[in-house]
Amino acid sequence: MKEIRAIILAAGKGTRMKSSTPKVLHTVCGEPIIQYVLDVAKEVGSKKIYAVLGHGSSQVREYLGTDIYTVEQQKLLGTADAVRCVEKQLNNYKGDVLILCGDTPLLRKSVIKNILRKHKKTNAVCTFLTAVVHNPDGYGRIIRGDSGDVVAIREDKDAVGYEREIAEINVGVYCFKSADLFKALKQIKLNPKKKEFYLTDIIEIFYENKVKIESVETEDSTEGLGINTRNDLAVAEGILRQRILKELMLSGVTIIDPKTTFIDGGVKIGEDTVIRPFTVIEKDVTIGKKCAVGPFCRIRSGSKIADHVQLGNFTEVSRSKVGPNTIMKHFGYLGDSLVGANVNIGAGAVTANYDGQAKNVTKISDGAFVGSDSVLIAPVRVGKNAYIGAGSVVTKGKSIPDSSIAVGVPAKVISKKKK
Ligand code: UD1
Ligand code: CA
């Protein structure tokens, strides 16, 4: 198979977002938009990935790190100009180039693979992705000739008459033979209305030169959604969330009400766990089997919940490990905590993990019982099978011995041995 390299266009200002954050760094289900595009580019086998940056480039570059090559587009002169910025880097390159926009987070690997397959099979110079949508406003329309061949892409601002009604739109994903791409880019003229060089004009140039163009249509048109406004961002969030929840349900997780359940991508949940309504689970969370979570539970990044754990209403767990069979059924907070197995955490118990300067660790050992409304001021350790009386305040630095009972404010050990 021919080598493939990818270019991700991400220099645009994202004016319509009305934000000081570069558009591609806005998040959808916990990840920046551009991350989804990078993921598909990698998953389809791109050997090198070049990101074209401009607006807010230092922020985006910092996010991308070092395994993505970045080039700077000095003036935002349009998508064709953006691609031209990578010409030097691809000077001696003979393979195919995949071009993606940094603002299309819903693309799936499978659709890109279809493009690459068709591109290879038909030996086209350009194969690109289209979608048939309910509302084509804002997108480039696909103009086809009598035989159905693609003739041109007409940008929204230039579309007139019947062209405005065309429901087949350009998603902004293209595979090109590299050398032909850069040769044709030179022929693109400035669009007089927007004062930009449109990459999409390349289609008409190819057509006029009788060069082979192919297209692939998405099966699921939501894949083509480009984020231009905060409204698009919310729509993308809704679609991606449904995909994530569906996958979890198909893997054996009960989600009582998907409409009120918010789970980020990559969260792992074991079979027969039940997620009740109004639950929020952030990225980098693992939950075991047969757990009961919610209603109104929030599990934040960096948390690992073992099997048979119950986290009930108004509980929050952040950067914490919770061992098997542990129960926290009513309101409470665990932050930076290491909680063992078979622990009972009473209603209203709180770990005070932040002392104003640093986050400190609370260790609650196997079999411990933390009474209702108690506060554990980290760093503290509660020993195995120890018992903290209701309303106690365990002060900073304390270690409650195994099998002891501690009560009061500040908590004092009153008995070494729990009955
Ligand atoms: C573009 C396409 C349109 C398609 C739509 C799909 C063009 C001319 N139009 O329109 O046919 O339907 O995407 O979402 O290509 N960018 C740069 N440098 C620039 C301008 C843009 O890097 O000078 C980047 C943006 O960051 C963005 C992408 O290119 O990631 C697309 O640009 P955008 O302005 O969003 O184009 P659309 O108007 O959405
Ligand atoms: Ca766009």
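The preceding data block contains the structure.
Here's a quick rundown of the structure.

Procedures and definitions
Residues numbered from 1 in each chain as written. Chains lettered and ligands numbered in written order. Predicted model: local features only at pLDDT ≥ 70, side-chain atom pairs only at ≥ 80, totals over all residues. Heavy atoms only, no water. Pairing = 2+ DSSP bridges. Helix = DSSP H or I, 4+ residues; strand = E, 2+ residues; numbered from the N terminus. Expected span 1.5 Å × (residues − 1). Buried < 20%, exposed > 50% of the residue type's maximum accessible area, 1.4 Å probe, protein only. Arc of directions from axis to C-beta. Donors = N, O, S within 2.8 Å, 3.2 Å for Na, K, Ca; no water. Near = heavy atom within 4 Å. Polar contact = N/O pair within 3.5 Å; in protein donor to acceptor, adjacent residues only side chain to side chain. Areas by Shrake-Rupley, 256 points an atom, 1.4 Å probe, with all protein chains shown as cover. Nonpolar A, V, L, I, M, F, W, Y, C, P; charged D, E, K, R; others polar. Phe/Tyr/Trp six-rings, centres within 6.5 Å; stacked < 30°, edge-to-face > 60°. Lys NZ or Arg CZ within 6 Å of the ring centre and 35° of its normal. Axes fitted to C-alpha atoms, helices over the stretch in contact; angles between N-to-C directions. Parallel < 35°, antiparallel > 145°, perpendicular 65-115°, else oblique. Contact = heavy atoms within 4.5 Å. Salt bridge = Lys/Arg side-chain N within 4 Å of Asp/Glu carboxyl O.

**Looking at the sheet that holds strand 19 (residues 285–287)**
Strand order in the open sheet formed by eight strands is 16-19-22-25-28-31-34-37, and the pairing between neighbours is parallel. If you trace the sheet from one side to the other, it starts and ends with strand 16 (268–269) and strand 37 (399–400), each paired once.

**A short note on helix 4 (residues 109–122)**
A rise of 1.5 Å per residue sets the reference length of helix 4, with its 14 residues, at 20 Å; its end C-alpha atoms lie 20 Å apart and thus fit the reference within 8%. Buried within helix 4 we find V111, I112, I115, L116 and H119. Along the axis of helix 4, the buried residues cluster in a sector spanning 140°; they form a single face. Relative to its buried face, helix 4 has exposed residues pointing more than 90 degrees away, namely R117, K120 and K121.

**Brief notes about the coordination of the calcium ion (ligand 2)**
Coordination of the calcium ion (ligand 2) by the protein is provided by D103 (OD) and N228 (OD1), with metal-donor distances spanning 2.5 to 2.6 Å. Taken together, the residues span a long stretch of sequence, with D103 in the loop between strand 6 (96–101) and helix 4 and N228 in the loop between strand 13 (213–217) and helix 7 (230–250) at a distance of 125 residues. Here D103 and N228 have matching classes, each one buried.

**Section: the site of ligand 1**
The immediate surroundings of ligand 1 are formed by 23 residues, with L9, G12, Q73, E155 and N170 found nearest. In the environment of ligand 1, an oxygen atom lies 2.7 Å from a nitrogen or oxygen atom belonging to the backbone of L9. A total of 750 Å² of accessible area belongs to ligand 1 in isolation, and the protein chains cover 92% of it. Its residues assigned to classes, the shell around ligand 1 shows 10 nonpolar, nine polar and four charged.

**Some thoughts on the packing of aromatic side chains**
Any pair of aromatic rings gets described here by the distance separating the centres and the angle formed by the planes. Per the stated rule, a full pass over the model turns up seven aromatic pairs. Each ring, one from F278 and one from F296, has its centre 4.8 Å from the other, and the planes form 5°; the classification is stacked. Of this pair, F278 sits in the loop between strand 17 (274–275) and strand 18 (279–281) while F296 sits in the loop between strand 20 (292–293) and strand 21 (297–299); the two residues are 18 residues apart in sequence, bridging distant segments of the chain. Counting every residue linked through ring pairs, the aromatic cluster contains F128, Y174, F176 and F206. The ring of F197 is capped by R84, whose NZ or CZ atom sits 4.9 Å from the centre of that ring. Lying across the ring of Y354, K359 places its NZ or CZ 5.6 Å from the centre.

**Considering the packing of helix 5 (residues 178–185) against helix 6 (residues 201–208)**
Between helix 5 and helix 6, the least distance of the axes is 10 Å, while the angle of their chain directions is 100°. In terms of their interaxial angle, helix 5 and helix 6 are classed as roughly perpendicular. In this structure, helix 5 uses D180, L181, A184 and L185 to contact helix 6, whose residues at the interface are I202, I205 and F206.

**Considerations on the pattern of salt bridges**
Taken as a whole and judged by the stated rule, the model has 26 salt bridges. Across the salt bridge formed by E3 and R5, the nearest N and O atoms sit 3.0 Å from each other. Overall, E3 belongs to the partly exposed group, its relative accessible area being 33%. On the basis of relative accessibility, which here comes to 12%, the residue R5 falls in the buried class. Here K118 and E214 are joined by a salt bridge, their closest N and O atoms 3.7 Å apart. Note that K118 is positioned in helix 4 and E214 in strand 13, a separation of 96 residues in sequence. Among the residues examined, E214 registers a relative accessible area of 17% and is labelled buried. One continuous salt-bridge network, built from bridges that share partners, spans D137, R141, D156 and R164.

**Points about unusual backbone geometry**
Cis rather than trans, the peptide bond between A378 and P379 has omega equal to 0°. Counting through the fold element by element, P379 comes out in the loop between strand 33 (375–377) and strand 34 (380–382). The residue N342 is not glycine, and still its phi comes out positive at about 55°. The residue N342 is located in the loop between strand 28 (337–339) and strand 29 (344–345) in this model. Under the relative-accessibility criterion, N342 is labelled partly exposed at 47%.

**Describing the side chain of K23**
Positionally, K23 belongs in the loop between strand 1 (4–10) and strand 2 (27–28). A polar atom in the side chain of K23 sits 3.0 Å from the backbone oxygen of I227. Excluding residues that lie within four positions of it along the chain, K23 makes contacts with G14, M17, I33, D103, I227 and N228.

**Quick word on the pairing of strand 27 (residues 332–335)**
Residue alternation in strand 27 divides its side chains into two sets, G332 and L334 and Y333 and G335, and both sets are buried. Looking at chain direction, strand 24 (residues 315–318) and strand 27 are connected through four bridges and run parallel. Residue pairing in the sheet places S318 in a bridge with G335 of strand 27.

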